[in-house]
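Descriptive analysis of the structure
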Amino acid sequence: MSMSTNHTKLIRATYIGILVLALVAPLIGLYPVFVMKLLCFALFACAFNLLLGFTGLLSFGHAAFFGFAAYVTGYFIKSQGWSPEIAILAGTLVAAFIGLVFGLIAIRRQGIYFAMITLALAQMVYFICLQAPFTGGEDGLQGVPRGKLLGLLDLSSDTTMYYVILAIFVACFLGIARIVTSPFGQVLKMIRENEPRAVSLGYEVDRYKLVAFVLSAALAGLAGSLKTLVMGFATLTDVHWSMSGEVILMSLLGGVGTFFGPVFGAGIVIALQDLLADKVGAWVTVIIGAIFVVCVLAFRKGVVGEVHAWLERRRARA
Amino acid sequence: MEIFGIPLQAFLGQLVLGLVNGAFYAMLSLGLAVIFGLLDIVNFAHGALYMVGAFAAWIMLDKFGINFWFALVLAPLLVGVLGVVIERTFLKRLYGLDPLYGLLLTFGLSLILEGIFRDQYGVSGQSYPVPELLEGATNLGFMILPNYRAFVVLASLVVCLGTWFLIERTRLGAYLRAGTENAKLVQAFGVNVPLMVMLTYGAGAALAAMAGVLAAPIIQVTPLMGSNLIIVVFAVVVIGGMGSILGSVVTGLVLGLIEGMTRVFYPEASSVVVFVVMVIVLIIRPAGLFGKEA
């Protein structure tokens, strides 16, 4: 009993430590744009993990939500002069709507079929982005201004922008944790563990899955919208299927079905890409592929998952 | 002569182009179906193996002067061996696990293969000449048919029918099909199932590579040629229903044709039409056109 409280205390202390680190990050000289980018991708990975980790659905099409929302937000700010909060909301809602359409089609099938269908649907969105008049084709949308949040906060300052992003991220992280621990989240977990049982207990499994899918799509869209605001551009890379692969890697590497795993995984992948891109060129792809292979073969629980398992074993021994 | 306001010449030209694309879809989805049938693995690396096949042919010609016809045999053999190595080193560790892990692992492998070729050759394409014997075109009276394209369609049909015959009509095929149903029982009858599985993956990889060699004279050989194609092939597989070999061949050819027709009447939609068909089929028949599984 006391060991178990220790365990919880340790986890809580870790979270608080990380939050404090995040709060002082710009003060201790961490480049804010890098951390903001990291937070956007961490949110994307958390959104994805809500689906894979807690509902057991592997979507291979999450780039569609992330990328399309990035375009929508960029377009409304740049071409229509909307304020950032409305444009972000628009991006999130559009992503939720696409999620609803994808979900209605894909949820009829399971496992690898589900993965392949979401992948194909997302590729359709990619081609639409390639040809639609508002996306800027091959060039994408460049030079999207950040504007003023609620007409008050000037986001062109990296520090202000940073704290806004951090606040949104923490709110979403806690929100996801709340969803997962709620009765609704428990049903999702049951579906993941034993779908036939959930059906036989009278739960409308498809409806639960659909709600989870739409929630996940909306959060992925929010992440994409924020990314446009931070970086000032939206391009085809955001909506290409390799982005769907990257978010899977982030979750898998950090630990599918853990709260903090996707954040950690996003951190490693983004850091690798930023640090290595200039130095090794196309080998970044090789390295990322190799990490994928090693994760699948050797540690399917991911880094955070393995740490959890280690703590559990130690507790059991004590 | 015109059809719906489109000159017959242009119409038939696109139809042939569609048939050629369909031939590639058919060969690739056939390989996927064979591998999935026996190994229960969705081979995401299929597109990368197709790309490696095309590059193998290009390198053989460029560095060693080996012509198309030898490459058509050698490249699939080489890639087949690569497939065997992949199966022995990686895939065999995943049997019995959720098939999603196989999908993710082969995705990782495709990134590795693609990255290596991108580092070596960049993203700009290499062109591969049409073999001398098949240069030129035949005038059919109502249209001019490039000889090489006709050959590709024929070759793909021969390969597809050959594979179908091998699997549905021979003793070896019977073992394969039985192995998919119940590997333990087939093993008990003295069939070396692990060997069979290994060779099946090798053969699937070789099929992908052969499609790559056939594609080389038609398109630019680039490291990205596989990843662009594989998603369409996945859609073909979803539409056809993954179990059936004949299903993947028929669906592949028909979808190529539909794509070609779309290019005539509404070019903007030609890259999405396969996915639109997929959505419609899934709404009407969630298991796919030829799928048996509920």
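As recorded in an unreviewed UniProt entry, chain B goes by Branched-chain amino acid ABC transporter permease and comes from Caenimonas aquaedulcis. Here chain B is described in UniProt, under the heading Sequence similarities (unreviewed entry), as follows: "Belongs to the binding-protein-dependent transport system permease family. LivHM subfamily." Regarding chain B, the UniProt comment filed under Subcellular location (unreviewed entry) reads as follows: "Cell membrane".

As a further point, take the overall build of chain A. A tally of regular secondary structure across chain A gives 14 helices and two strands. Against the 2.2 N^0.38 benchmark of 20 Å for 318 residues, chain A shows a C-alpha radius of gyration of 19 Å, consistent with a compact globule. Judged by the C-alpha coordinates and their principal axes, chain A covers about 60 × 50 × 40 Å. Burial analysis of chain A (318 residues in total) assigns 55% to the buried set.

All names here are of chain A. Going through the model one piece at a time under the given rule, you end up with ten salt bridges over all chains. Here Asp 158 makes a salt bridge to Arg 146, at a shortest N to O gap of 2.9 Å. Taken together, the residues Asp 158 in helix α6 (residues 158-181) and Arg 146 in the loop between α5 (111-131) and β1 (148-149) connect sequence positions twelve residues apart. The class of Asp 158 is partly exposed, set by a relative accessible area of 27%. In this structure, the salt-bridge partner of Glu 193 is Arg 192, at a minimum N-O distance of 2.8 Å.

Within this structure's numbering, the places UniProt gives as "transmembrane region" (unreviewed entry) are residues 12-38, 44-61, 68-87, 99-117, 148-167, 195-219, 231-258 and 264-284 of chain B. With 100% helix and 0% strand, residues 148-167 of chain B has end C-alpha atoms that lie 28 Å from one another.

This paragraph deals with the side chain of Asn 43 of chain B. Among the structural elements, Asn 43 of chain B can be located in the loop between α1 (8-39) and α2 (46-64). Residues contacting Asn 43 of chain B, with those up to four places away along its chain left out, are Leu 32, Ile 35, Leu 49, Thr 106, Tyr 201 and Ile 230 of chain B.

Turning to the environment of Phe 151 of chain B, a few remarks are in order. Residue and element names in this part refer to chain B. One can find Phe 151 in helix α5 (residues 147-169). Sequence-wise, Phe 151 and Val 20 are 131 residues apart; in three dimensions their C-alpha atoms are separated by 9.4 Å. Discounting chain neighbours no more than four positions away, the residues touching Phe 151 are Phe 68, Trp 69, Leu 72, Leu 134 and Leu 214.

One frequently used descriptor of interface size is the decrease in accessible area upon assembly of the parts. The partner chain B presents 42 residues to the 35 residues of chain A that form the contact. It is Ile 112, Met 116 and Trp 241 of chain A that lose the most area in chain A upon contact with chain B, and together they represent 17% of the buried surface on that side. At the boundary of chain A with chain B, the tally comes to zero salt bridges. Here chain A and chain B share five residue pairs in polar contact (both at pLDDT 80 or more) between them. Listing elements by their share of the side of chain A that touches chain B, those giving two or more residues are α5, α11 (241-254) and α13 (283-297) of chain A.

Residues and elements named next belong to chain B. Here α2 spans 26 Å end to end across 19 residues, near enough to the 27 Å set by a 1.5 Å rise per residue. The element α2 is largely enclosed, with a buried count of 14 among its 19 residues. One or two steps after α2, the chain reaches Gly 65, where phi turns positive at roughly 65 degrees.

So, about the side chain of Thr 235 of chain A. With respect to the helices and strands, the residue Thr 235 of chain A is situated in the loop between α9 (205-231) and α10 (236-239). Excluding its chain neighbours within four sequence positions, the residues that come into contact with Thr 235 of chain A are Tyr 71, Asp 139, Gly 140 and Gln 142 of chain A.

Residues and elements named next belong to chain B. Along the chain, Ala 10 falls in helix α1. Residue classification places Ala 10 among the partly exposed residues on the basis of a relative accessible area of 39%. Separated by 254 residues in sequence, Ala 10 and Val 264 place their C-alpha atoms 7.8 Å apart.

The subject of this paragraph is the environment of Leu 201 of chain A. Summarising the element assignment, Leu 201 of chain A is placed in the loop between α8 (195-200) and α9. Each C-alpha atom, one on Leu 201 of chain A and one on Gln 123 of chain A, is 36 Å from the other, the two residues being 78 residues apart in sequence.

Now for the confidence of the model for chain B. One rule of thumb: low pLDDT means the predicted coordinates there are not for detailed reading. With 97% of its residues at a pLDDT of at least 70, chain B reaches an overall mean of 87. Both scores are available for the predicted complex, with the pTM at 0.89 and the ipTM at 0.86.

For the structure shown, the criterion picks out zero disulfides over all chains. No disulfide involves Cys 129 of chain A; its sulfur sits 18 Å from that of Cys 40 of chain A, the nearest cysteine.

Moving on, we come to the packing of α5 of chain A against helix α9 (residues 225-240) of chain B. Running from N to C, α5 of chain A and α9 of chain B point in directions that differ by 125 degrees, and their axes come no closer than 9 Å. Here α5 of chain A is positioned oblique relative to α9 of chain B, judged by the angle of their axes. The two elements α5 of chain A and α9 of chain B meet at a crossing, and its hand is left-handed. Residues Met 116, Ile 117, Leu 119, Ala 120 and Gln 123 of chain A of α5 of chain A pack against Ile 231, Phe 234, Ala 235, Val 237 and Val 238 of chain B of α9 of chain B. Partitioning the contact of α5 of chain A with α9 of chain B into residue classes produces nine nonpolar, one polar and no charged.

What counts, and where the lines are drawn
- Residues numbered from 1 in each chain as written.
- Chains lettered and ligands numbered in written order.
- Predicted model: local features only at pLDDT ≥ 70, side-chain atom pairs only at ≥ 80, totals over all residues.
- Heavy atoms only, no water.
- UniProt positions renumbered as here; feature names shortened; annotations may be inferred.
- Helix = DSSP H or I, 4+ residues; strand = E, 2+ residues; numbered from the N terminus.
- Rg over C-alpha atoms; globule rule 2.2 N^0.38 Å.
- Buried < 20%, exposed > 50% of the residue type's maximum accessible area, 1.4 Å probe, protein only.
- Salt bridge = Lys/Arg side-chain N within 4 Å of Asp/Glu carboxyl O.
- Contact = heavy atoms within 4.5 Å.
- Buried area = accessible area lost by both parts, 1.4 Å probe.
- Polar contact = N/O pair within 3.5 Å; in protein donor to acceptor, adjacent residues only side chain to side chain.
- Expected span 1.5 Å × (residues − 1).
- pLDDT = per-residue confidence, 0-100.
- Disulfide = S-S within 2.5 Å.
- Axes fitted to C-alpha atoms, helices over the stretch in contact; angles between N-to-C directions.
- Parallel < 35°, antiparallel > 145°, perpendicular 65-115°, else oblique.
- Left-handed = near helix turned anticlockwise from the far one by under 90°.
- Nonpolar A, V, L, I, M, F, W, Y, C, P; charged D, E, K, R; others polar.

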